[in-house]
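Structural description and commentary
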Amino acid sequence: MKSRYLPLAATILIFVLAYALCYAQFPSMLSTRVIGNLLTDNAFLGIVAVGMTFVILSGGIDLSVGSVIAFTSVFIAVVLANTGLHPLIVFAVALLITTAFGAAMGAAIHYLEMPPFIVTLAGMFLARGMAFVLSIDSIPVMHPFYDTLQSFYWRMPGGGRLTLIGGLLLLVFAIGILIAHRTRFGANVYALGGDAATARLMGVSVGRTTVGIYALSGLLAGLSGIVFSLYTTAGYSLSAVGVELDAIAAVVIGGTLLTGGSGFVAGTFVGILIMGLIQTYIIFDGTLSSWWTKIVVGVLLFVFIFLQKGILWLSARKTAALHHAHGS
Amino acid sequence: MEKPQEPLLSVASLTKSFPGALALDGVDFTLRAGEVHALLGENGAGKSTLIKCLTGAYRRDSGDIRLSGNLVDPRDTFEAQALGIGTVYQEVNLLPNLTVAQNLYLGRQPTRFGMVGTRRMNAGAQALLSRYGLDIDVTRELSSYSVAVQQIIAIARAVDLSGKILILDEPTASLDAQEVRMVFDIVRALRERGLGIIFITHFLNQVFEISDRITVLRNGRLVGTRDAADIERIDLVTMMLGHELSQETVAHKAARKSEGEVAYCFRDFGRAGTIEPFNLEIRRGEAVGVAGLLGSGRTETAEVIFGVRPHDSGNAEKDGSQLELNGPRKAIAAGLGFCPEDRKTDGIVGDLSVRENIVLALQARRGWSRPLPRQEQIEIADRFIDALDIRTTDREKPLRLLSGGNQQKAILARWLATNPEFLILDEPTRGIDVGAHAEIIRLIERLCEDGVSLLVISSELEELVAYSHRVIVVRDRQHVSELTGEEINTDNIVRAIAADSQPEQAR
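On a predicted model such as this, the values are computed, not experimentally measured, just so you know.

Interfaces are often sized by the accessible area lost when the parts come together. Contacts between the two partners involve 31 residues from chain A and, on the opposite side, 38 residues from chain B. At the boundary of chain A with chain B, total buried surface from both sides reaches about 2,800 Å², with 54% on carbon and sulfur atoms. If you look at where chain A meets chain B, you find 0 salt bridges. Inspection of the region where chain A meets chain B yields 6 residue pairs in polar contact (both at pLDDT 80 or more). Of the residues in the side of chain A that touches chain B, the class split is 9 nonpolar, 15 polar and 7 charged.

Once that is clear, we can look at the pairing of strand β14 (residues 275-283) of chain B. Residues and elements named next belong to chain B. Where strand β13 (residues 262-271) lies against β14, 6 bridges are found, and the strand directions are antiparallel. Within β14, the residue paired with Phe266 across the bridge is Leu280. Connecting β13 to the antiparallel partner β14 that follows it, the hairpin turn spans 3 residues, and Gly273 within it adopts a positive phi of roughly 80 degrees.

Once that is clear, we can look at the domain arrangement of chain B. Split by domain assignment, chain B resolves into domain 1 (9-97 + 141-244) and domain 2 (262-498). The distance between the C-alpha centroids of domain 1 of chain B and domain 2 of chain B comes to 32 Å.

Here we take up a nonpolar patch on the surface. Taken together, Leu288, Trp292, Ile295, Val296, Val299 and Val303 of chain A make up a surface patch of nonpolar side chains, about 470 Å² in accessible area. Positionally, Leu288 of chain A belongs in the loop between α13 (265-285) and α14 (291-327).

All names here are of chain A. Although it is not a glycine, Glu113 adopts a positive phi angle of roughly 50 degrees. Turning to its location among the elements, Glu113 is positioned in the loop between α5 (87-111) and α6 (116-134). The exposure class assigned to Glu113 is exposed, which follows from its relative accessible area of 69%. If you check the backbone angles, Ala240 has positive phi at about 55 degrees while not being a glycine. Of note, Ala240 is situated in the loop between β4 (234-235) and α12 (243-253). Residue classification places Ala240 among the buried residues on the basis of a relative accessible area of 10%.

Another aspect to go through is the packing of α5 of chain A against α6 of chain A. The geometry of a pair of packed helices is captured by two quantities: the angle between their axes and the separation between those axes. Residues and elements named next belong to chain A. Closest axis-to-axis distance for the α5/α6 pair is 9 Å, and the angle between their directions is 150 degrees. In this view, α5 runs roughly antiparallel relative to α6, as classed from their interaxial angle. In this structure, α5 crosses over α6, and the sense of that crossing is right-handed. Between α5 and α6, the residues in contact are Phe101, Met105, Ala108 and Ile109 and Pro116, Val119, Thr120, Gly123, Leu126 and Ala127, respectively. Of the residues assigned to the contact of α5 with α6, the class counts are 8 nonpolar, 2 polar and no charged.

The next subject is the nonpolar core. Core analysis: the largest hydrophobic core is formed by 140 residues, its most contacted members being Val100, Leu104, Leu129, Tyr132, Ile153, Ile155 and Leu166 of chain B. For this core, the leading source of residues is helix α3 (residues 43-57) of chain A, giving 12 residues. Dropping the residues within four chain positions of it, Leu166 of chain B is found in contact with Gly86, Val88, Ile155, Ala158, Val159, Leu190, Leu195, Gly196, Ile197 and Ile198 of chain B. In this structure, Ile305, Ala316, Leu325 and Trp415 of chain B belong to the second largest nonpolar core, which totals 76 residues.

Cut-offs used in this document
- Residues numbered from 1 in each chain as written.
- Chains lettered and ligands numbered in written order.
- Predicted model: local features only at pLDDT ≥ 70, side-chain atom pairs only at ≥ 80, totals over all residues.
- Heavy atoms only, no water.
- Contact = heavy atoms within 4.5 Å.
- Buried area = accessible area lost by both parts, 1.4 Å probe.
- Salt bridge = Lys/Arg side-chain N within 4 Å of Asp/Glu carboxyl O.
- Polar contact = N/O pair within 3.5 Å; in protein donor to acceptor, adjacent residues only side chain to side chain.
- Nonpolar A, V, L, I, M, F, W, Y, C, P; charged D, E, K, R; others polar.
- Pairing = 2+ DSSP bridges.
- Helix = DSSP H or I, 4+ residues; strand = E, 2+ residues; numbered from the N terminus.
- Domains from an automatic or database assignment.
- Patch = residues over 30% accessible without salt bridge, like charges linked within 9 Å, V, L, I, M, F, W, Y side chains within 5 Å.
- Areas by Shrake-Rupley, 256 points an atom, 1.4 Å probe, with all protein chains shown as cover.
- Buried < 20%, exposed > 50% of the residue type's maximum accessible area, 1.4 Å probe, protein only.
- Axes fitted to C-alpha atoms, helices over the stretch in contact; angles between N-to-C directions.
- Parallel < 35°, antiparallel > 145°, perpendicular 65-115°, else oblique.
- Left-handed = near helix turned anticlockwise from the far one by under 90°.
- Core = buried A, V, L, I, M, F, W, Y, C linked by side-chain atoms within 4.5 Å.

The structure is reproduced here in structure tokens:
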């Protein structure tokens, strides 16, 4: 097997093993109801993690997404409460704002040659601050259109419900996979993560790609905010704190190298499923504290960091062996 | 001389100046279709400036560049590529994390409705590489192939993108002999296809092996263009250096022997999987050469002695008393010094000044609690800048701004400042120009006279012959033979390296 598939294979293996263990203890966990809920409950995290995957593949990081989700949900709630605009229009405006916000951060990273960590850290404070400016209260969303959207679902065999936002999660992952592996933009993202200077020499428009990556992350953070708004039917500026870190964890558990250039969007999907599975197990168990999610995610992150190091070490050794085969 | 046909590329009185320096002064250059044209010169002769003017990286001040008779003026690499001028550099400029096919087609993937046709791309890549005699899995990452294969892929991409002129900027610097042959076969095939190829290298052997014509630059001026068949090696060196260089082909100083007593002695010294146990004695004032192919264990020998990779068998003695050698710190304390092969990654600290780089090892030996006084640092740095003729405008200049040869001398100075009794030099002349070669060789001889013991690893056999009292040949991670006195000549070394892996009694 090619070494780049190894982390993905490990992620899938861990997921299957974990699910088998859960099933052994709680046979009812293997049902479309559980799977449907898993998708619905993790939809906003999953969508934002797709954007994060692109960012990390390119060798960057986006710390602003949690705040952008909060901003979007507050923005939608405030606008819906104070104007008669249709939610679809509000959604479109929100997406425009967050995409432009992401693009602006990408431009700052490229043209000012600033580290993504600093730029998106500033973006994180900025977006959270803007949410507070809009409102410091938790504002409920009451709109008939929300009820309509929430009533959409597809009843899966076995009685599980694939809700609209769960379906959206699947759709976003499908599109994300296509963009990453079947477009020139996707190839450019991997190229940037490999070596930005070489990528430039090979004709990749580094500036346009960087702006595109962070704009995509902003767009998906906005979409995630809309999903979050539908999921909680409220807007609150203190919500979604630390979601960016959960997203990064899902990306890394999904087998993407934090240094960029190697990984898969599909891996992130499995990463999200693993994190959701742990939460579901804790709910089924009923006695465990929800902090166990954090502990298990922490352990998994360590495992994956070691795994990635191990793979790098192995491939380095293979290359060395190749050289010796030539040399002697 | 001139063939009736229009030259593919003709450059007339090209001039380019930088603040304070005239890098190119009215240089003429022509390249015909279907020839390999070597571009030679010492560092600073203007080779890379000329190349950069051709590829659009620099804008020229004056002069004409004509491509098939038409005036051209490339403003950047992509424009040059579109005109048909492609470049391959010494460090492979491809992306190791992408597949071979993606590397070949990055930015111009075949698409349908915005989606990349991966299968079409892979088939195209396979077909493209098969024309270069490469039948490899193009869906694997580039990093899973050797540097030579990567270099060929880089050539394939450059030719496919441009197609008229291929500039090879030291493409063979990090390849071993067999890999060089592979690359040369491809260069010859491209010549047959009618490409004009500009070839830059430091290796004179390679120049004669592959080029049809040779152009030599010196100090930004054209010295001359000759047919490779008509010029002697010594004349070429004279053109490059502008003066007779007696050291270039120094014969081995017959039967010289070092009379000093044994200073360092290694018995059954080795490390499993790295280098088989070896016995080695080094006298005071003796230079022992180490010859072998890349990966044969020659660098590993040095690393095991210096403790970069600690030995796991045998023992070491210094002047008859036991020596503990299990790490670089111990080795430095025992009077050893080691200039590694890859100075860019292992040796120089590019952002530190020349002075700081020179005093680094001495400071490390004193320990950080006892900093060298600034005045003393300046004295030491000035002494070595003077003694080794390190060409820098200022001792506080960052080392990365100096040329390769001068960087090498600065590293040498770093170890000399510690007054080493035993100095290991790994490829001391790699990647530096011919003139600097001679200086390094002179320096090695001078160190011997001063009583320093030297272990010198080099793939430049003539150089080994010139300064070594003994030559150890390494093959398959074993010390296979030792040449002394009259036996030391390039033929014998090559024969020992190339000999069958069977045990032999070359002594």
